[in-house]
Every structure is written in C-alpha cells, then in structure tokens.
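Coordinate analysis (summary)
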Amino acid sequence: MSFDAEAKMQFLFALRSKGVTDKAVLNAMERVDRGRFIQGYFTDRAYDDMPLPIACGQTISQPSVVGLMTQALKIGPRDKVLEVGTGSGYQAAILSQLARRVYTVDRHRRLVHAARAVFDALELSNITAFTADGSFGLPDQAPFDRIIVTAAAEDPPGPLLAQLKIGGIMVVPVGQSDAVQSLIRVTRTDSGYEYHEMRPVRFVPLVEGLGKD
Ligand code: SAH
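The text that follows walks through the structure, step by step, so that each part is easy to find. (Residues numbered from 1 in each chain as written. Predicted model: local features only at pLDDT ≥ 70, side-chain atom pairs only at ≥ 80, totals over all residues. Heavy atoms only, no water.)

**As for the overall build of the chain**
Scanning the chain for helices and strands turns up six helices and nine strands. Since a compact globule built from 213 residues should have a radius of gyration of about 17 Å, the 16 Å found for the chain is in line with a globular shape. When its C-alpha atoms are laid out on the principal axes, the chain stretches across 50 × 40 × 35 Å. Within the span of the chain, comprising 213 residues, buried residues form 52% of the whole. Sequence-distant contacts, at least 24 apart, represent 54% of the contacts inside the chain between residues at least 6 apart. Of the accessible surface of the chain, which amounts to about 10,100 Å², a share of 50% is contributed by carbon and sulfur atoms. Here the chain carries 24 positive and 24 negative side-chain charges, and the mean point of each set is 3 Å from the other. (Helix = DSSP H or I, 4+ residues; strand = E, 2+ residues; numbered from the N terminus. Rg over C-alpha atoms; globule rule 2.2 N^0.38 Å. Buried < 20%, exposed > 50% of the residue type's maximum accessible area, 1.4 Å probe, protein only. Contact = heavy atoms within 4.5 Å. Areas by Shrake-Rupley, 256 points an atom, 1.4 Å probe, with all protein chains shown as cover. Lys, Arg positive; Asp, Glu negative; His and termini not counted. Charge placed at Lys NZ, Arg CZ, Asp CG, Glu CD.)

**Digging into the site of the ligand**
Near the ligand there are 27 residues, and of these Ser88, Asp106, Asp133, Gly134 and Val207 occur at the shortest range. Within the backbone of glutamine 91, an N or O atom sits 3.0 Å from an oxygen atom of the ligand. Take arginine 107: an N or O atom from its main chain is 3.2 Å from a nitrogen atom of the ligand. If the ligand stood free it would expose 580 Å²; the protein chains cover 99% of that surface. Elements with a contribution of two residues or more to the shell around the ligand: β2 (59-60), α4 (90-98) and β4 (101-106). Taken together, the residues of the shell around the ligand break down into 10 nonpolar, 13 polar and four charged. (Near = heavy atom within 4 Å. Polar contact = N/O pair within 3.5 Å; in protein donor to acceptor, adjacent residues only side chain to side chain. Nonpolar A, V, L, I, M, F, W, Y, C, P; charged D, E, K, R; others polar.)

**Observations concerning the pattern of salt bridges**
According to the stated counting rule, one finds five salt bridges in the structure shown. Ionic pairing is found between arginine 146 and aspartate 79, a salt bridge with its closest N-O pair at 3.8 Å. On the criterion of sequence distance, the pair formed by arginine 146 in strand β6 (residues 144-149) and aspartate 79 in the loop between α3 (63-73) and β3 (80-84) is long-range, its members being 67 residues apart. Aspartate 79 matches arginine 146 in its accessibility class, with the two residues each being buried. As a salt-bridge pair, lysine 165 and aspartate 145 come within 3.1 Å of each other at their nearest N and O atoms. Note that lysine 165 is positioned in strand β7 (residues 164-174) and aspartate 145 in strand β6, a separation of 20 residues in sequence. Lysine 165 sits in the partly exposed class, given a relative accessible area of 31%. (Salt bridge = Lys/Arg side-chain N within 4 Å of Asp/Glu carboxyl O.)

**Overview of helix α5 (residues 109-121)**
Between its first and last C-alpha, α5 extends 19 Å over 13 residues, near the 18 Å set by a 1.5 Å rise per residue. Along α5, the residues that are buried comprise Leu111, Val112, Ala115, Val118 and Phe119. Each buried residue of α5 sits inside an arc of 125° when the element is viewed along its axis, so together they form one side. Of the residues flanking the end of α5, it is glutamate 123, one or two places downstream, whose phi is positive at about 55°. (Expected span 1.5 Å × (residues − 1). Arc of directions from axis to C-beta.)

**Quick word on the packing of α3 against α4**
Contact pair α3 / α4: the axes reach a minimum separation of 11 Å and the direction vectors enclose 35°. The two elements α3 and α4 meet at a crossing, and its hand is right-handed. Here α3 contributes Val66, Thr70 and Leu73 to the contact with α4, which in turn contributes Tyr90, Gln91, Ile94, Leu95 and Leu98. Tallied by class, residues from the contact of α3 with α4 come to six nonpolar, two polar and no charged. (Axes fitted to C-alpha atoms, helices over the stretch in contact; angles between N-to-C directions. Left-handed = near helix turned anticlockwise from the far one by under 90°.)

**Examining the nonpolar core**
Membership of the largest hydrophobic core comes to 50 residues, with the highest contact counts inside it found for Met29, Phe37, Tyr90 and Phe119. Of all the secondary-structure elements, those providing two or more residues to this core are α1 (5-17), α2 (23-31), α3, α4, α5, β5 (127-131) and β7. Ignoring sequence-local partners within four residues, the contact set of methionine 29 consists of Phe3, Phe11, Leu15, Pro63, Val66, Gly67, Tyr90 and Ile94. Grouped together as the second largest cluster of nonpolar side chains are 17 residues, Ile147, Leu160, Leu164 and Val186 included. (Core = buried A, V, L, I, M, F, W, Y, C linked by side-chain atoms within 4.5 Å.)

**Here's the deal with the side chain of arginine 107**
On the secondary structure map, arginine 107 appears in the loop between β4 and α5. Within the local environment of arginine 107, its side chain forms a polar contact with the backbone oxygen of valine 207, the two atoms lying 3.5 Å apart. Separated by 2.8 Å, the side chain of arginine 107 and the backbone oxygen of glycine 209 make a polar contact. Beyond its immediate sequence surroundings of up to four residues, arginine 107 is in contact with Thr131, Ala132, Val207, Glu208, Gly209, Leu210, Gly211 and Asp213.

So, to be careful, I would describe these as geometric facts and stop short of saying anything about function.
And the structure:
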C-alpha cells in the first residue's frame, strides 16, 4: 500500500479519534510517509495504528502515540529539540516539520545509519543523528527547548532534566520495562520541575551503553 489519498485519510482519521487534534501535528503526520521508515514484511501495515518491529529488536512507535507525544511537546518553530531513541527515525521526521533543529540519538549504530539515509532521501536537513547513550543527553548541544524520550526509563534521567531549558518541556515514558509504563510530561520552571502524568504506554526499555551493532 502506498501513502495515497485514501490511506492518508484513514490514517488521519485514526489519529484524530485517538486524541491527536493539534493541526500542526496532524499536518506534519500527513506530510511524512511512515512507510519510508519501515522495511520488509511489515511495509503493508505502515498506516495501521500499531507499533511495528524494526532492526536491532526495536520498534517503531504506534502513530497515535507519536502524535500524542508530539502534541504534548507544544513545539514552536524556533525550538531546538532532542530525541532519545531514534529507532526508525519516524518520530524525528515528524519533529523536524515543527522545530528549527532536531538532534536524535540511538545506542544502535545500525539504526542511526538507516535513519540518516531516510532523512537524506527526504531532504530533512534540520535533523542531526548521533550514535550515543542518550541517557546522558547531548551536553555539547544543550540546553534544549524540548526533549522527547522514546524508550522507558525507571525515572526521568538526571542529565536530561539538567539539559532542559527553563520553560522547556520533556515527554518521557517512565516505569519498569516489562510492565505498563506512564507517559510523563515534565515542565521546567524557574524553581524546579512540574510533573504531569498523561497516560499508560508501553515502550522498549532505555538501556545503558552502546549496542553491539
Ligand atoms: N522513536 C523511534 C522508536 C524508538 S524505539 C521511532 O520513531 O521509530 C526505542 C529506541 O530507543 C530503540 O531504537 C533503542 O535502541 C533506543 N534506546 C534505548 N536505550 C537507549 C539509550 N540509552 N540511548 C539511546 N537510545 C536508546
């Protein structure tokens, strides 16, 4: 199936019915073809609202979750955004439509290389992808206006909290990897951090160190 008019309409309808209502986010998700980020057997499921397997035993997130997380970030056109967990690159591509600059990191070199190739093919020139342990953030590029973590941590990692600007927003799934986790929105204020629990989610775990491939 290609991302033709009918596939697009159904895709957008499913997103809206799951609570993705922000116009700019919906427009971004309409522009970026999820099929480009999925290879092989599962390509014909690209526009279904479900997570799908990618290389290195990881998953591309469910589109409605991508939409809800992106919407919660309230990204402005001048924002510099960090994503931890590049995976397929799909979430980063959505962010790139809304932000000035996107930095994305993954612990698997192979995923970063594959994602970069798609960013190049789609001419998404405001994304920079690195192989790194993202739990330490990216000190050289910090601070960030927005941070999104797409793997579950037991707690929001301290270095990421520290690299968030005052007034900045971070969205992160929190909880044990084998249980249902909570999606948390953290807002940094003048005096500290405010935490808001959004909804239950299920993500692969945030793992320390670099992957073998
Ligand atoms: N956002 C992705 C889906 C991410 S799946 C997409 O749109 O397709 C979660 C990703 O987090 C996996 O690719 C995994 O390798 C990565 N990850 C897990 N722990 C990490 C860490 N400490 N640093 C960087 N990436 C990590």
